[in-house]
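# Structure assessment
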There are 2 protein chains.
Amino acid sequence: MGDDNVIYIGNKPVMSYVLAVVTQFNNGFDEVVIKARGRSISRAVDTAEVVRNKFMPGVELKDMKIGTEVIEGEGGDKANVSSMEITLKTKA
Amino acid sequence: MGDDNVIYIGNKPVMSYVLAVVTQFNNGFDEVVIKARGRSISRAVDTAEVVRNKFMPGVELKDMKIGTEVIEGEGGDKANVSSMEITLKTKA
């Protein structure tokens, strides 16, 4: 399985990401991973909730992970940023 | 067990909540629940990560939940907001 079933959350409206996730399920993936860092984490949770509650009742939460990543800035300065991964899958 | 071991995340700096969580563990709780809604969810993840990685290596992630809550505004209008609960516990 490649990375095609990974949706990276950025600054677009939540519905853009909801559409992306729904599209991946409709393309035949039985799992879609939603990844976010920093402030986008809230939007990742919104995306997962909207997909499950409004569009795809046949999809459930498989796994959630949180972590910390080190981001290196232009000047070589480093900062920690939280990350989150939400895996959704179609119910068996 | 009462609700004393629940820390609600608002708009203060992350370190305020980190301190609150660390204090509850030092008060003898072996579990602390971090709760957040909407945009504060990112800060809840930051709080959990900073507690685990910087202050209390003896604390681990026990559970994470996401959900949707209905908020009723003053005019009676309703809006959905995502919520998250992160449970940390001391390692056995």
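Quantities reported herein were computed from a predicted structural model and do not represent experimental measurements.

### Section: the overall build of chain A
- A count of helical and extended segments in chain A gives two helices and four strands.
- Scanning chain A from its N terminus toward the C terminus, one meets helices and strands in the order β-α-β-α-β-β.
- Seen through its C-alpha atoms, chain A measures out along the principal axes to roughly 45 × 25 × 20 Å.
- Across the 92 residues in chain A, those meeting the buried criterion constitute 40%.
- A separation of at least 24 residues holds for 67% of the contacts in chain A among residues at least 6 apart in sequence.
- Roughly 5,200 Å² of accessible area belongs to chain A as shown, and the carbon and sulfur atoms make up 47% of that amount.
- Between the mean site of the 12 positive side-chain charges and the mean site of the 13 negative ones, chain A shows a separation of 5 Å.

### Comments concerning helix 1 (residues 14-26) of chain B
Residues and elements named next belong to chain B.
- Relative to the 18 Å expected for 13 residues at 1.5 Å per residue, helix 1 spans 18 Å between its end C-alpha atoms, a close match to the ideal helical length.
- Here helix 1 has its buried residues at Tyr17, Val18, Val21, Val22, Gln24 and Phe25. Each buried residue of helix 1 sits inside an arc of 160 degrees when the element is viewed along its axis, so together they form one side. Exposed side of helix 1, more than 90 degrees from the buried face: Leu19 and Asn26 are the residues found there.
- On its buried face, helix 1 is in contact with strand 1 (6-8), strand 2 (31-37), helix 2 (41-55), strand 3 (59-72) and strand 4 (78-90).

### Topic: the sheet that holds strand 4 of chain B
- Taken in spatial order, the four strands make up an open sheet running 1-2-4-3 (chain B), and their pairing is mixed. Unpaired on one side and paired on the other, strand 1 and strand 3 of chain B mark the two borders of the sheet. Strand-to-strand twist of the sheet, defined as the mean angle between neighbouring strand axes without regard to direction, takes the value 20 degrees.
- Of the pairings in the sheet, the one linking strand 1 of chain B to strand 2 of chain B comprises three bridges and is parallel in character. Bridging across to strand 2 of chain B, Ile7 of chain B finds its partner in Ile34 of chain B.
- The strands touched by helix 2 (residues 40-55) of chain A are strand 3 and strand 4 of chain B; relative to strand 3 of chain B, the strand with the most contacts, the crossing angle is about 60 degrees.

### Considering the interface of chain B and chain A
- The interface is formed by 23 residues belonging to chain B together with 23 residues belonging to chain A.
- The largest share of the area that chain B buries against chain A comes from Ser42, Met64 and Ile66 of chain B, three residues that together contribute 38% of it.
- Where chain B meets chain A, there are zero salt bridges.
- Elements with a contribution of two residues or more to the side of chain B that touches chain A: helix 2, strand 3 and strand 4 of chain B.
- In terms of residues, the side of chain B that touches chain A owes the most to one element, helix 2 of chain B, which gives nine residues.
- Taken together, the residues of the side of chain B that touches chain A break down into eight nonpolar, nine polar and six charged.

### Some remarks on the layout of surface pockets
- Estimated volume of the largest pocket: approximately 440 Å³.
- Those elements giving two or more residues to the lining of the largest pocket turn out to be helix 2 of chain A together with helix 2 of chain B.
- Residues of the lining of the largest pocket, tallied by class, amount to one nonpolar, eight polar and six charged.

### Quick look at the environment of Val45 of chain A
- Examined against the element boundaries, Val45 of chain A turns out to sit in helix 2.
- Judged by its relative accessible area of 0%, Val45 of chain A is buried.
- For Val45 of chain A and Asp30 of chain A, which are 15 residues apart along the polypeptide, the C-alpha to C-alpha distance reads 19 Å.
- Discounting residues that sit within four places of it in the chain, Val45 of chain A has contacts with Met84 and Ile86 of chain A together with Ile41, Ile66, Ser82, Ser83 and Met84 of chain B.

What counts, and at which threshold
Every residue gets a number counted from 1 within its own chain, in the order that chain's sequence is written. To label them, take the chains in the order written and letter them from A, then take the ligands in the order written and number them from 1. Whole-chain, interface and lining totals are the exception, using all residues; otherwise, since this is a predicted model, local features are given only for residues with pLDDT of at least 70 and side-chain atom pairs are given and counted only at 80 or more. The side-chain quantities take in all heavy atoms of the structure and omit both hydrogens and water. Secondary structure is summarised from DSSP: a helix means a run of H or I of at least four residues, a strand means a run of E of at least two, and numbering begins at the N terminus for each. Burial here depends on accessible area, computed with a 1.4 Å probe over protein chains only, as a share of the maximum for the residue type. Under 20% is buried, over 50% is exposed, and the range in between is partly exposed. By definition in these notes, contact holds between two residues if any of their heavy atoms fall within 4.5 Å. Residue exposure ignores everything except the shown protein chains as possible cover, and the areas themselves are Shrake-Rupley values with a 1.4 Å probe. When charges are counted, Lys and Arg contribute as positive and Asp and Glu as negative, whereas His and the chain ends are disregarded. Note that the charge is assigned to NZ on lysines, CZ on arginines, CG on aspartates and CD on glutamates. Expected helix span is given by 1.5 Å per residue-to-residue step, counting one fewer step than there are residues. In this description, the arc belongs to the directions extending from the helix axis to the C-beta atoms. The rule for pairing is simple: two strands pair if DSSP sees at least two bridges between them. To get an axis, fit a line to the C-alpha atoms, keeping to the stretch in contact for a helix; angles then go from 0 to 180 degrees between the N-to-C directions. A quick way to say it: buried area is the sum, across both parts, of accessible area lost when two parts are put together, with a 1.4 Å probe. By salt bridge we mean one thing: a side-chain nitrogen of Lys or Arg within 4 Å of a carboxyl oxygen of Asp or Glu. For this scheme, ten residues count as nonpolar: Ala, Val, Leu, Ile, Met, Phe, Trp, Tyr, Cys and Pro. Four count as charged, namely Asp, Glu, Lys and Arg, and the remainder, Gly too, count as polar. With a 1 Å grid laid over protein atoms only, a set of points is called a cavity when a 1.4 Å probe fits there but cannot get out and a pocket when it is open yet has protein on both sides within 12 Å along at least five of seven lines; lining residues have an atom within 4 Å of a point. Grid points are joined across faces, edges and corners, and a volume is the space filled by probe spheres set on the points.

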